[in-house]
Amino acid sequence: FKFFPHLFLFGPPGTGKSQVGWSIRAMGFNGIKKPFNLSGGTKVAFHREFSHFVNFPCWFDEYDNSIDYDRVQSLKAAYDGAGHKKSVKDSDSRTKTVPVNSSCMISGQQLPIADNALFKRVILTQFYQTEFSDEEKTLFRKMQDMEEGSLTQITANFMRFRKLVEEQYMNTFEKVLEEMVAETLDDNIEDRILRNMCIPLTMVKLLEPEIGDHLPY
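Reading guide: rules and limits
- Here the residue index of a chain counts from 1 through its sequence in written order.
- pLDDT decides what is reported in this predicted model: residues at 70 or higher carry local features, side-chain atom pairs at 80 or more are listed and counted, and totals for whole chains, interfaces and linings draw on all residues regardless.
- To get the side-chain values, take all heavy atoms of the structure and skip hydrogens and water.
- Strands here are runs of E lasting at least two residues and helices are runs of H or I lasting at least four, both read from the DSSP assignment and numbered beginning at the N terminus.
- Put simply, the radius of gyration uses C-alpha atoms, and a globule should come to 2.2 Å times the residue count raised to 0.38.
- Buried means the residue's accessible area, taken with a 1.4 Å probe over protein chains only, is under 20% of the maximum for its type, while exposed means over 50%, and partly exposed covers the values in between.
- Throughout, a contact is declared for two residues whenever any of their heavy atoms are within 4.5 Å.
- The charge count treats Lys and Arg as positive and Asp and Glu as negative. His and the chain ends do not count.
- Just so you know, the charge point we use is NZ for Lys, CZ for Arg, CG for Asp and CD for Glu.
- Each axis is a line fitted through C-alpha atoms, and for a helix only the stretch in contact is used; angles between axes span 0 to 180 degrees, taken between their N-to-C directions.
- If an angle is under 35 degrees, it is roughly parallel; if it is over 145, roughly antiparallel; if it lies from 65 to 115, roughly perpendicular; otherwise it is oblique.
- Whether a crossing is left-handed or right-handed is set by the direction in which the near helix is turned from the far one by less than a right angle, anticlockwise for left-handed and clockwise for right-handed.
- Any residue that is not Ala, Val, Leu, Ile, Met, Phe, Trp, Tyr, Cys, Pro, Asp, Glu, Lys or Arg is counted as polar, Gly included; the first ten are nonpolar and the last four charged.
- Expected span of a helix: the number of residues minus one, times 1.5 Å.
- Take the buried Ala, Val, Leu, Ile, Met, Phe, Trp, Tyr and Cys residues and link them wherever side-chain atoms come within 4.5 Å; each set so joined is a nonpolar core.
- Any carboxyl oxygen of Asp or Glu within 4 Å of a side-chain nitrogen of Lys or Arg constitutes a salt bridge here.
- Any two of the Phe, Tyr and Trp rings considered here, Trp counted by its six-membered ring, make a pair once their centres fall within 6.5 Å; the pair's planes then place it as stacked at under 30 degrees, edge-to-face at over 60, or tilted in between.

**Student:** I tried to follow the overall build of the chain on my own but got confused; where do I start?
**Tutor:** From N to C terminus, the chain includes eight helices and seven strands. Expected size for 217 residues packed as a compact globule is a radius of gyration near 17 Å; at 19 Å, the chain falls within 12% of this value. In terms of its C-alpha atoms, the chain occupies a principal-axis envelope of roughly 60 × 40 × 35 Å. Here the chain holds 217 residues, and the buried ones make up 33% of them. Considering only residue pairs separated by 6 or more positions, the chain has 76% of its internal contacts joining residues 24 or more positions apart. For the chain, the distance from the average site of its 26 positive side-chain charges to the average site of its 30 negative ones is 10 Å.

**Student:** Any chance you could explain the packing of helix α7 (residues 162-183) against helix α8 (residues 191-211) here in plain terms?
**Tutor:** Orientation of α7 relative to α8, taken along the N-to-C sense of each, is 120°, at an axis distance of 8 Å. Comparing the axis directions of α7 and α8 gives the class oblique. For the pair α7 and α8, the sense of crossing is right-handed. Where α7 approaches α8, its residues Leu-164, Val-165, Gln-168, Tyr-169, Thr-172, Phe-173, Val-176, Leu-177, Glu-179, Met-180 and Val-181 are matched on the opposing element by Leu-194, Arg-195, Met-197, Cys-198, Ile-199, Leu-201, Thr-202, Met-203, Lys-205, Leu-206, Leu-207 and Glu-210. Among the residues forming the contact of α7 with α8, the class breakdown is 16 nonpolar, three polar and four charged.

**Student:** What's the story with the side chain of Lys-76 in this structure? I'm lost.
**Tutor:** With respect to the helices, strands and loops of the structure, Lys-76 is situated in helix α3 (residues 69-79). The residues contacting Lys-76, other than those within four sequence positions of it, are Asp-115, Ala-117, Leu-118 and Arg-121.

**Student:** What is the right way to read the packing of helix α1 (residues 17-26) against helix α5 (residues 134-148) from this model?
**Tutor:** Packed helices, taken two at a time, are described by the angle their axes make and the gap between the axes. Axis separation between α1 and α5 bottoms out at 10 Å; the angle between their running directions is 35°. Helix-helix and strand crossings are classified by hand; for α1 and α5 the assignment is left-handed. Residue-level inspection shows Gln-19, Ser-23 and Ala-26 of α1 in contact with α5, the latter providing Phe-140, Met-143, Gln-144 and Glu-147. Taken together, the residues that form the contact of α1 with α5 break down as three nonpolar, three polar and one charged.

**Student:** What exactly am I supposed to notice about α7 here?
**Tutor:** Residues lying three or four places apart along an α-helix face the same way, a consequence of the helix completing one turn every 3.6 residues. The end-to-end C-alpha separation of α7 is 29 Å, in line with the 32 Å expected for 22 residues at 1.5 Å each. Where α7 is concerned, the buried positions are Leu-164, Tyr-169, Thr-172, Phe-173, Val-176, Leu-177 and Met-180. Against the buried residues of α7 lie α8.

**Student:** Looking at this structure, I do not really get the nonpolar core. What am I missing?
**Tutor:** Nonpolar side chains tend toward joint burial in soluble globular proteins. Among the nonpolar cores identified, the biggest contains 19 residues, and Leu-38, Phe-50, Phe-60, Tyr-63 and Leu-75 are the most heavily contacted of them. Only β1 (6-10), β3 (58-63), α3 and β6 (104-108) provide two or more residues apiece to this core. Among residues more than four places away in sequence, those in contact with Phe-50 are Cys-58, Phe-60, Ser-74, Leu-75, Ala-78, Pro-99, Val-100, Asn-101, Ser-102 and Cys-104. Phe-3, Tyr-79, Leu-194 and Cys-198 belong to the second largest nonpolar core, which has 14 residues in total.

**Student:** How should I be thinking about the pattern of salt bridges in this particular structure?
**Tutor:** When charged atoms on two side chains of opposite charge get close, those side chains can pair. Applying the stated criterion across every chain yields a total of six salt bridges. Where Arg-162 meets Glu-166, a salt bridge forms, and the shortest distance between an N and an O atom there is 3.4 Å. Placement of both Arg-162 and Glu-166 in helix α7 is noted, with a separation of four residues, approximately one turn of the helix. A relative accessible area of 54% places Glu-166 in the exposed class.

**Student:** How should the packing of aromatic side chains be read in this particular structure?
**Tutor:** One pair of aromatic rings is described through two measures. These are the centre distance and the angle between the planes. Within this structure, the stated rule accounts for 14 aromatic pairs. An angle of 80° between the planes, with centres 5.1 Å apart, marks the rings of Trp-22 and Trp-59 as edge-to-face. One end of the pair, Trp-22, is in helix α1; the other, Trp-59, is in strand β3, and 37 residues separate them in sequence. A relative accessible area of 28% means that Trp-22 is categorised as partly exposed. Look at Trp-59 and you get buried, because its relative accessible area is 1%.

Interpretation note: all reported values are geometric properties and have no functional meaning in isolation.
Structure (structure tokens):
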């Protein structure tokens with residue numbers, strides 16, 4: 001499709017948005033690799049973040065609308081898979097591109113509205129709960145214990161669905177998009193936003209018969 005939506009984790013402190021980032025990270029490796037802080041870090045480190053992982057999310061933390069405008073533009077470009085171009089040292093004409101190899105997670109306490117075009121390129125996940133029951137706290141600690149050694153076995157297990165995705169994803173996407181358009185006909189939702197949502201929804205629809213009620217489409 002020549003695009004892939006960013007996952008935006010939005011909410012005040014203590015609501016668990018960062019924990020979702022760490023949990024997703026645990027699907028690829030243990031928690032050693034920290035997210036890139038959008039309010040700091042060098043330009044070189046920022047652009048390299050997009051290329052560090054293949055088919056696994058990079059993570060940009062502490063988003064706010066006052067971050068460097070060029071970083072907002074780069075996040076927009078990454079949605080389309082456009083990497084950062086730079087000139088090659090000692091050459092007048094050659095350029096080198098830092099590729100975008102992965103999807104992006106972005107987390108922060110402000111909605112990404114510095115540029116409305118970025119807002120349309122994210123799937124927004126809002127966090128608001130700050131008080132948790134004893135049962136929720138117990139389950140949280142249990143999950144953290146599981147993540148301590150990483151959850152790569154889950155990711156590896158999903159590889160058995162690769163052929164299914166290769167053969168059926170495109171057709172299933174079109175069906176899901178048709179359903180979404182029909183469901184939202186009176187809501188005047190922009191096509192780009194609908195297509196963003198259909199990317200993960202298609203995976204849910206594909207895998208629901210294989211996994212069962214754990215993924216209710």
